[in-house]
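Fold and contact review
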Amino acid sequence: MPAMPRRAPQGTQAVQRALALLRSFTTEAPEHRLSELAAAHGLHPSTAHRLLGVLEAEGLIGRSPDSQAYRWLPGAPGAGDAGSAPRHNGLRPLEPLRTPFHRRTSALCESDAWRDWSGYTCVETYEPTPEREYWAVRNAAALIDVSPLFKYEISGADAERLLDRVMTRDFSKCRPGRVMYTSWCNEEGHLLQDGNVQRLSRERFLVSAAEPCLRWFQDCGWSMDVDVGDVSEEIGVLALQGPRARAIAEAATTGIDFGAMRYFDLAAGEIGSGAGGGPVTVTRTGYTGDLGYEFWVAAEHAEALWDALVEAGQDHGLLPAGLLGLDMARAEAGLVLIDVDYVSAAHAEIEVLKVTPAEAGLGFTVKLDKQADFVGRRALELERDRGPAWAMVGLEVDWFELERLWSEIDLRPQVVGQSASREPTPVFAPGGWQVGQCTTRFFSPLLKKYIGLATVRGEAADPGTELDVEVAVGYGRRRARARVVERPFFNPPRKTAVAPTPGVKG
Amino acid sequence: MTVEPAAADGIGGGTPSHGSGRFDAIVVGAGHNGLVAAAYLARAGLDVVVLESSPEIGGATRSEEAFPGFRFSVFSYLVSLLRPEVIHELDLVRHGLFLVPTASTLNPLPGGDCLFREADPQRTYRHIARHSRRDAEALFEYKIEMRRMGHLMYRLQRAAPDELAAAIGDRVAESPEHLDVEVSAEVADIARYFLDLSPARLRSFVQMLTMSSADFLGQWFESDVLKAALSSSSIIGSMLSPRTPGSAYVLLHHYMGEVDGVYREWGFQKGGTGAVAATIARAARSHGAEIRTDSSVARVLARDGRTAGVVLTNGDELRAGVVLSSAAPQISLGRLLDPEDVPGDAGAGLALRAARWQSGGCAGKVNLAISGLPRFECMPEPGPHLSGGITIAPGLDYVDRAYDEAKYGGFSERPFIDMIIPSVLDPDMAPPGKHVLSCFVQYAPYELAAGDWDDGQREAFGDAVVRTLAEYAPGIENQILHRQVLVPPDIEAIAGIPGGNIFHGELRLSQLFLLRPDPAAAAFRTPLPGYYVCGSSTQFGGGISGGPARLAALRVLDDLRTADTAAGVGAKTP
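Keep in mind that this is a model prediction, so the values were computed, not measured.

A separate point is the overall build of chain B. When its secondary structure is counted, chain B shows 18 helices and 20 strands. The C-alpha radius of gyration of chain B comes to 23 Å, within 12% of the 25 Å expected for a compact globule of 574 residues. Across its three principal axes, chain B shows a C-alpha extent of roughly 75 × 55 × 45 Å. Considering only contacts in chain B between residues 6 or more positions apart, those separated by 24 or more positions represent 72%.

The next point concerns the overall build of chain A. Secondary structure summary: chain A contains 12 helices and 23 strands in total. Over its C-alpha trace chain A gives a radius of gyration of 25 Å, about what one expects of a compact globule, namely 23 Å for 506 residues. If you line up chain A on its principal axes, its C-alpha atoms span 85 × 55 × 45 Å. Residues classed as buried in chain A amount to 48% of the 506 residues present. Considering only residue pairs separated by 6 or more positions, chain A has 67% of its internal contacts joining residues 24 or more positions apart.

All names here are of chain B. Of the two faces of strand β6 (residues 105–108), the one carrying Thr105 and Asn107 and the one carrying Leu106 and Pro108 are both buried. The hairpin formed by β6 and strand β7 (residues 114–117) contains five residues between the paired strands, and Gly111 there has a positive phi angle of roughly 80 degrees. The sheet contact formed by β6 and strand β16 (residues 389–392) spans two bridges and is parallel. In the strand pairing of β16, Thr105 is matched with Gly389.

Let's shift gears to the interface of chain A and chain B. Tallying the contact residues gives 22 residues for chain A and 27 residues for chain B. The class makeup of the residues in the side of chain A that touches chain B is eight nonpolar, nine polar and five charged.

Turning next to the domain arrangement of chain B. Residue and element names in this part refer to chain B. By domain assignment, chain B separates into domain 1 (18–61 + 273–358 + 502–567), domain 2 (97–101 + 360–495) and domain 3 (121–259). Computed from C-alpha atoms alone, the centre-to-centre distance between domain 2 and domain 3 is 28 Å. Contacts between the two partners involve 19 residues from domain 2 and, on the opposite side, 17 residues from domain 3. Among the secondary structure elements, those contributing two or more residues to the side of domain 2 that touches domain 3 are β5 (99–101), α14 (396–407) and β17 (416–420). In terms of residue count, the dominant contributor to the side of domain 2 that touches domain 3 is α14 (six residues).

Residues and elements named next belong to chain A. For the pair helix α8 (residues 245–252) and helix α9 (residues 302–313), the least separation of the axes is 8 Å and the interaxial angle reads 125 degrees. Classified by the angle their axes make, α8 and α9 are oblique. For the element pair α8 and α9, the recorded crossing hand is right-handed. Together, Ile248, Ala251 and Ala252 of α8 and Ala308, Leu309, Ala312 and Gly313 of α9 make up the contact between the two elements. Within the contact of α8 with α9, the residues separate by chemical class into six nonpolar, one polar and no charged.

Let us now look at the sheet that holds strand β20 (residues 434–444) of chain A. All names here are of chain A. Read around the closed barrel, the six strands follow the order β18-β21-β20-β19-β22-β23; overall the barrel is antiparallel. For this sheet the average axis-to-axis angle between neighbouring strands, irrespective of direction, equals 40 degrees. Of the pairings in the sheet, the one linking strand β18 (residues 390–397) to strand β21 (residues 449–457) comprises eight bridges and is antiparallel in character. Across the sheet, the residue bridging to Val393 is Ala454, located in β21. Contacts between helix α10 (residues 323–332) and the sheet are confined to β20 and β21, with β20 contributing the most and set at about 120 degrees to the helix. Relative to the sheet, helix α12 (residues 399–407) contacts β18, β21, β22 (466–473) and β23 (476–485), its axis offset from that of β23 by approximately 170 degrees.

Residues and elements named next belong to chain A. Taken domain by domain, chain A consists of domain 1 (1–93), domain 2 (102–149 + 234–321) and domain 3 (389–498). One C-alpha centre belongs to domain 2, the other to domain 3; they are set 31 Å apart. Each partner contributes residues to the interface: domain 2 has 10 residues there, and domain 3 has 11 residues.

Another point: the confidence of the model for chain A. Residues shown with low pLDDT carry predicted positions that ought not to be read at fine detail. Within chain A, residue pLDDT values average 90, and 91% of them lie at 70 or more. Scored below 50 in pLDDT, residues 77–91 of chain A makes 30 contacts in the model with residues more than four places away or belonging to other chains.

Next up on the list: the sheet that holds strand β7 (residues 150–155) of chain A. Residue and element names in this part refer to chain A. Across the sheet, five strands lie side by side as β8-β9-β10-β7-β11; this open sheet has antiparallel pairing. Either end of the sheet is taken by a strand with one partner, and the two such strands are β8 (179–185) and β11 (227–230). Adjacent strand axes in the sheet meet at a mean angle of 30 degrees when their direction is disregarded. Pairing of β7 with strand β10 (residues 204–209), which is carried by six bridges, proceeds in the antiparallel orientation. Its bridge partner lying in β10, Ser155 is registered against Arg204. Set on the sheet, helix α6 (residues 159–166) makes contact with β7, β8, β9 (191–201) and β10; between it and β7 the angle comes to about 130 degrees.

Another aspect to go through is unusual backbone geometry. Of note, the bond from Arg487(A) into Pro488(A) is cis; its omega dihedral lies within 30 degrees of zero at -10 degrees. Tracing the backbone shows Pro488(A) in the segment after β23. Of note, the amide linkage connecting Arg516(B) to Pro517(B) takes the cis form, showing an omega dihedral of -5 degrees. Positive phi is not limited to glycine here, since Asp410(A) has a value of about 65 degrees. Positive phi values are uncommon outside glycine, yet Phe513(B) reaches one of about 55 degrees.

All names here are of chain B. On the secondary structure map, Phe440 appears in strand β18 (residues 435–442). Phe440 sits in the buried class, given 25 other C-beta atoms within 10 Å. When the C-alpha positions of Phe440 and Val366 are compared, they lie 6.5 Å apart, and in sequence the two are 74 residues distant. Setting aside chain neighbours within four positions, we find Phe440 in contact with Tyr77, Ala363, Lys365, Asp418 and Met419.

All names here are of chain B. For β17, the buried fraction is high: five of the five residues fall into the buried class. Judged from the three bridges that link them, β16 and β17 form a sheet pairing that is antiparallel. Within the sheet, the bridge partner assigned to Ile390 lies in β17 and is Met419.

Turning our attention to the environment of Gln358(B). All names here are of chain B. Inspection of the secondary structure assignment puts Gln358 in the loop between α13 (346–355) and β15 (363–370). On the basis of neighbour count, Gln358 is assigned to the partly exposed category, with 14 C-beta atoms found within 10 Å. Between the C-alpha atom of Gln358 and that of Asn314, which follows or precedes it by 44 residues, the distance is 30 Å. Here Gln358 is in contact with Gly505, Glu506 and Gln511, once residues within four sequence places are set aside.

Residue and element names in this part refer to chain B. If you check helix α18 (residues 547–567), its first and last C-alpha atoms are 30 Å apart, about what 21 residues at 1.5 Å a residue would give, namely 30 Å. The set of residues buried in α18 consists of Gly547, Pro548, Ala549, Arg550, Leu551, Ala552, Ala553, Leu554, Arg555, Val556, Leu557 and Leu560. Buried residues along α18 sit in contact with β1 (22–28), α1 (32–43), α2 (84–89), α4 (133–157), β14 (317–325) and β20 (531–533).

On to the confidence of the model for chain B. Residue and element names in this part refer to chain B. The predicted model of chain B has a mean per-residue pLDDT of 89, with 90% of residues at 70 or higher. For residues 1–15, every residue scores under 50 in pLDDT, and the model assigns this stretch 43 contacts once sequence neighbours within four places are set aside. Low confidence marks residues 569–574, where pLDDT is under 50. Its contacts with residues over four positions away, or in another chain, come to 10 contacts. We note a pTM of 0.85 for the whole complex and an ipTM of 0.84 for its interfaces.

A pair of packed helices is captured by two measures, namely the crossing angle of their axes and the spacing between those axes. Residue and element names in this part refer to chain B. Two numbers describe how helix α3 (residues 121–129) lies on α4: the axes approach to 7 Å, and their chain directions differ by 145 degrees. Note on packing geometry: the crossing formed by α3 with α4 is right-handed. Side by side, α3 and α4 meet where Pro121, Tyr125, Ile128 and Ala129 of the first sit next to Arg133, Asp135, Ala136, Leu139 and Phe140 of the second. By residue class, the composition of the contact of α3 with α4 is seven nonpolar, no polar and two charged.

Cut-off values and rules
- Residues numbered from 1 in each chain as written.
- Chains lettered and ligands numbered in written order.
- Predicted model: local features only at pLDDT ≥ 70, side-chain atom pairs only at ≥ 80, totals over all residues.
- Helix = DSSP H or I, 4+ residues; strand = E, 2+ residues; numbered from the N terminus.
- Rg over C-alpha atoms; globule rule 2.2 N^0.38 Å.
- Contact = placed C-beta atoms within 7 Å.
- Buried ≥ 20, exposed ≤ 12 C-beta atoms within 10 Å, placed from the backbone.
- Pairing = 2+ DSSP bridges.
- Nonpolar A, V, L, I, M, F, W, Y, C, P; charged D, E, K, R; others polar.
- Domains from an automatic or database assignment.
- Axes fitted to C-alpha atoms, helices over the stretch in contact; angles between N-to-C directions.
- Parallel < 35°, antiparallel > 145°, perpendicular 65-115°, else oblique.
- Left-handed = near helix turned anticlockwise from the far one by under 90°.
- pLDDT = per-residue confidence, 0-100.
- Expected span 1.5 Å × (residues − 1).

Structure representation (structure tokens):
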């Protein structure tokens, strides 16, 4: 399957890495240890060792007699020289990281409302309030820059084996051209992260993740014939989401049969209407619970992609949307967010903050019937027998309850126009003790209900269970009666429809 | 130790009769620990005097205007280990505690490169990822693990070691639910906490007590520059290389530090660290403690097998049934204590062990007055990096070589330097536009194999420091207006610490926990009833902590209560 970074057809990554390693040897710095080289090039020591072994066998480098260091052999072709090597990688005060779309997004960001996302400066809302951007997702289409995701390319003969070892999903069932949403856990079965994995070809995958995990993948692949490369900064990602997404995507690209693309399919094409617009990979995925696509593009073609989509979207009501609009949409879709709805076990300081996939509402990603052994399997099998201690549930506070609470202070419910809150608040058994916490909540203008995502004790998780959730009413805190409901709150047929058309009703 | 300090419950509290030289308690030494002990005792109603041999209080916690307009923190330079309970119980903020955070650490590297760690984890990730992406990720998890270890030490620090040992020993032997030894709920809680640790965390703890920091860090990281940067905390104040087994504990010692519950935070006291001592002294005086300088104690007086007071070097006698010494063991258990006075036959052994206490100096201090901000090749312009710590430790080999030179009796020609620029943090420290630079330097042995500190070597050491700085901040040699170079004999002479060891003795397993400062004095009590130790050489010791002195003072109050109860006069105390 041709992939977006066309710079690296199958196998060339190793060549690029070998050349980069070779360039490290200069007359000024003729000797390097394995660990230094691996560190400097972001390679796992076993990968670096393999590549250096080849260079040594080819007579390009040697081993110093007195140590384990590798040495430049004078006269060897290809080695760098002092003249071309930069003297240092000196640090200037760090510039804010910019996504490859930054020139476009910043030109449109009237509100100057920016938010840090993994070190990138990202638009919170383009307009002063997020309403129009949110409604574009549900009513027309929205274009969202989600480039700050971490991206790892996993390639080699054992690539599938590594994915199957790390991930809770069964990657022997993930065909090239498909995307799989999965969890990954530590040995205790505690959730590290969730993310999408694209299978670009038999031996090549692209993992997207909210937090860095290069080391975890590399260590899990110890002794495997696999390369894990961090391509986060090389790839820009745009999410095109909303009922008009297919029409816009079709007009903005060439070479992809969107009619044939199913939910979680992947396809490669070209940007724009003619040839030569630059390669792009499209996945039918998103974080809004709506019809939508995500575009994965090499940084140098990012602006061309943006321009093509914006132009194609002009007649379809396309709006660029910031992170607040995206957050509202994902909450309606009942999609959990790391560091908001759950804490990665890698970053949880105490045990009670760690959850299993089932406890984070991601039990469906755990395939205990899969062939391969995977990290956390034993613990998750025990959990299956015992039952998870916690559950991620949807909470719904109806309109009359809101009226009741606000009438106490002689107001109509003051709930509209607030973006999703990320401040956890307690959830109680009716009139009783705390049984969990509500981590995401807001009033959905589409559903006309106050909704929330909450982690509660297993016994309080059945749909229909009544719970109390704390809400701010004026300066006070009140307990609102809520009902446990199934997630997602909003799930239009167009999200998964074959050959979706703008007419498909939500 | 678990007794809450009682503000005024009538313990002691005899009518002051200073004219006759009578007190409830005498504290030897007005360093921060001596002052903390005095403050706690005075706060409980005791009539207390602190006796300081030098003309100034503070010990190693001292500031001075060494040159007109330029204030130096002469020795210790940052605050992190100061126990929150000391801050709150003594109300130190009201008495002048003012800590400015130092939020970043810059490690300049040769060739204009650097490693920079900032408060913002995303930015720190990016800085470290330039050297190793794997390490940038690992640092998150390492910090969590170290915070957990720091928290473990925090729990341990709250109890006296003998009680802890009794509790833990008992719990290992018996069922966790029933304690035979009579210990407080708090100690039982600590014991439970310790025994509930996961095997992985217990393994980390054992590793930290035994491994070298280089090996310990090598389990986490691959890049030499990050390992060297993180290993800095493992050698500070210790004649150890990052490659010496045991150095990982010193790493942990510095992770016990916190500011407002945040481990590993450091703060700069406005006015310099001398203001910390002044603050504690104010707290002590507010409760009625008396502090006398130029009062050198010759020895502890004993009568009928009990402490009776002290004799000053001028021959004066001061009487008290309780004496606490904040000095190092060579003084507290050696010079001040006549072995004959110690009941039984413990005295000679005690004195011998005190003489063998490992507390050689290893560090020097170079304080510079400079005409402008230094321009580091890696980040030449002024910026937030100048308000954090700046450490010259570009690689493990570099630090190890610096250690080697000292091991053979020389000072490091290219030393490890941990510096701050106090005048960036507090404009009162230098005239406008000018600055002071505080350089903590390793290694400098107490005694040189060749030459003499007083015969040109002190300045040669200062030159080596400036030369080293100039490798990373070219031109700094021309910015220097004044220079103060202090080596271990100076620390000994000014702060009164034998050997000039900043922790009153190496922080290694052989000198920690029940062995600090001596098996016979590990719970602050010495074999001479009424005589206590309360300085950095006790308990977890070392650093501007006040923790040992607080526990020692509480132990004294507890003992007085018990004695009063036995005598039937302390009916109102439990």
